[in-house]
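A structural walkthrough
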Amino acid sequence: MRRNATISFGFLCICVWMISLYSVWKKNAKHEFQDKIWEQKLELDERIKQLEKNLNEQNRVELNLIEQLEKLVGNTSVGEDVFSEKGESTLQDVVLPVLLFSCNRPSVQRAIDLLVKYRPDKEKHPIIVSQDCGHAETAEVLQRYKDEIIHIKHPDLSDVQVPMSEKNFKGYYKISRHYKWGLSYIFNKEKYKAVIIVEDDLEVSRDFFSYFSSTYQILAEDPTLWCVSAWNDNGKPGLIDARNPDALYRSDFFPGLGWMMTRTIWNELDSKWPNSFWDDWMRLPNQRQERACIRPEVSRTKTFGKIGVSNGLFFENHLKHIKLNEKTVVFGSLDLSYLLKENYDRDFQDKVDSAPVVAPEHLRANKYSNNKTSIRLLYRSKADFIRIARLFGLMTDFKSGVPRTAYKGIVTFYYNGVRAYLAPSYNWLGYDPSW
């Protein structure tokens, strides 16, 4: 009996010893596992830190390359001197304010929203809204943007004296007076070197600012240019090549509807600014002086202003159909020197001269050789031009003898996949102001 008890006690001791041994082993194994996990975590953290370091170094190198590229672009030689006045230190850093003329449209918020949305730099492109009319509801709308815009008010809200024969055009007199005051504020008071001018019924494209910032350098260099416009008067979908939104042209016609001018031009126009119809006055030979504007293939502005002093002139049949560019073009990455007169004229004339002459009716009906990429249509009189223009839906009117978008009498458009040049006959001697 005692022997059995001794055996049982021994067995119990062995069991206790084994359980204790297992507990110690398990505890050590757990610690070893935890240590291993901790070592792996430390190793992973180290790898992450090294990766972050490498990414930061790569980012620093890329930023340095971008900075060097910007400096290289900024050192490009141009015609105007470098000024230290407000608005300019170099052509690359020029401050280009947007001057928006407003009156009594609360819908101006539609224009401002897009300008603010697409503006890349608040300092480089201050938005100055000049309000006429004293319209309270419009002023309230503008006040909501006080952190984004500079709101100035035309101080002269008095009535304007107009000849009896033009009493129905009083609105145009007020607009011209407002323009003179607003432009005087920009150039005479604030001393900016250039300005982008829009009105309260214009939408802008997403590359609006890129377009004007880049073309400013060409405008500053070439004295045969006097404006840059965002507008193509013949910019309807069936008349443009929307696949090439980066294409730009010279035009003898002053387009307006989102345009840029320099203080040099303002100094020339200031003292003789007209009492009314300022845009048609700009198109007179005495003002234009055979200078051209830059305009795009695809418009960078679109008007929604059906109601206004012009009572919707052209709007329903034409203006509302103009296509606004939808593809972003980084104009700063493009070489725009082809727009300089000495480069452009030679190339443009070569393209026109090499284009075969085709009957307008054949182009309209697609009855021409399909391997042609460009063709020429000839007009010999004002009536001839109007007839052909109507055939394709082009604008038919003239201002001081210049058709809309024309350069050297030639209206360029795109039709049925072909570049078309509506050109005067070979004996053309220049624009006829009587047209």
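Everything below is about the structure shown above.
Described below are features of the structure shown in this document.

Cut-offs used in this document
Residues numbered from 1 in each chain as written. Predicted model: local features only at pLDDT ≥ 70, side-chain atom pairs only at ≥ 80, totals over all residues. Heavy atoms only, no water. Buried < 20%, exposed > 50% of the residue type's maximum accessible area, 1.4 Å probe, protein only. Helix = DSSP H or I, 4+ residues; strand = E, 2+ residues; numbered from the N terminus. Pairing = 2+ DSSP bridges. Axes fitted to C-alpha atoms, helices over the stretch in contact; angles between N-to-C directions. Contact = heavy atoms within 4.5 Å. Disulfide = S-S within 2.5 Å. Salt bridge = Lys/Arg side-chain N within 4 Å of Asp/Glu carboxyl O.

1. Quick look at the pairing of strand β9 (residues 292–296)
- With respect to burial, β9 is a largely interior element, 5 of its 5 residues being buried.
- The alternating pattern of β9 places Ala292, Ile294 and Pro296 on one face and Cys293 and Arg295 on the opposite face, and all of these are buried.
- Judged from the 3 bridges that link them, strand β6 (residues 225–229) and β9 form a sheet pairing that is parallel. Within β9, the residue paired with Leu225 across the bridge is Ala292.
- Where strand β7 (residues 248–251) meets β9, 4 bridges bridge the pair, whose relative direction is antiparallel. Paired with Tyr249 across the two strands is Arg295, which belongs to β9.

2. Here's the deal with the sheet that holds strand β11 (residues 374–379)
- Spatially, 3 strands are ordered β11-β15-β14 in an open sheet, and the strand pairing comes out mixed. With partners counted over all chains shown, the strands left at the sheet margins are β11 and β14 (411–415), one partner each. Averaged over all adjacent pairs, the angle separating strand axes in this sheet is 25 degrees, with direction ignored.
- Pairing geometry for β14 and strand β15 (residues 418–424), over 5 bridges, is antiparallel. Opposite Val411, over in β15, you have Leu422 as the bridge partner.
- Running at roughly 95 degrees to β15, helix α9 (residues 341–354) makes contact with β11, β14 and β15 of the sheet.
- Along the sheet, helix α11 (residues 382–392) makes contact with β11, β14 and β15, crossing β11 at roughly 140 degrees.

3. Regarding the state of the cysteines
- A complete count under the given rule lists 2 disulfides for this structure.
- Each sulfur of the disulfide joining Cys103 and Cys133 lies 1.6 Å from the other. An S-S torsion of about -90 degrees defines the bridge between Cys103 and Cys133 as left-handed. With Cys103 in the loop between β1 (98–102) and α2 (108–118) and Cys133 in the loop between β2 (127–131) and α3 (136–143), this residue pair connects regions lying 30 residues apart in the sequence.
- You can call Cys103 partly exposed: its relative accessible area is 21%.
- On the accessibility criterion, Cys133 (39% relative accessible area) is partly exposed.
- In this model, Cys227 is linked to Cys293 through a disulfide, with the two sulfur atoms separated by 2.0 Å. Judged by the sign of its S-S torsion, about 120 degrees, the bond between Cys227 and Cys293 is right-handed. Taken together, the positions of Cys227 in strand β6 and Cys293 in strand β9 put the pair 66 residues apart, joining distant regions of the chain. For the pair Cys227 and Cys293, one class covers both residues: buried.
- Counting its disulfide-bonded cysteines in sequence order, the protein shows a connectivity of 1-2, 3-4.

4. Observations regarding the environment of Leu202
- Structurally, the position occupied by Leu202 is in strand β5 (residues 202–204).
- When the C-alpha atoms of Leu202 and Leu257 are compared, they prove to be 7.6 Å apart, with 55 residues separating the residues in sequence.
- Non-local contacts of Leu202, meaning those with residues more than four positions away in its chain, are made with Ala111, Leu257, Gly258, Thr301, Lys302, Thr303 and Phe304.

5. Some thoughts on the pattern of salt bridges
- Enumeration according to the criterion identifies 25 salt bridges in this entry.
- Its salt-bridge partner being Asp200, residue Arg105 comes within 2.7 Å of it at the nearest N-O pair. Here Arg105, found in the loop between β1 and α2, pairs with Asp200, found in the loop between β4 (194–199) and β5; they are 95 residues apart in sequence, far enough to count as distant.
- Given the relative accessible area of 18%, Arg105 is considered buried.
- According to the relative accessible area criterion, Asp200 is buried, its value standing at 4%.
- Lys180 serves as the salt-bridge partner of Asp270, at 2.7 Å between the closest nitrogen and oxygen. Taken as a pair, Asp270 in the loop between α6 (263–269) and α7 (278–282) and Lys180 in helix α4 (residues 170–189) lie far apart in primary sequence, 90 residues in all.
- A relative accessible area of 30% places Lys180 in the partly exposed class.
- Salt bridges linked by common partners bring Arg105, Asp200 and Asp201 together as one network.

Such coordinate-based values are descriptive only and should not be taken to indicate function.
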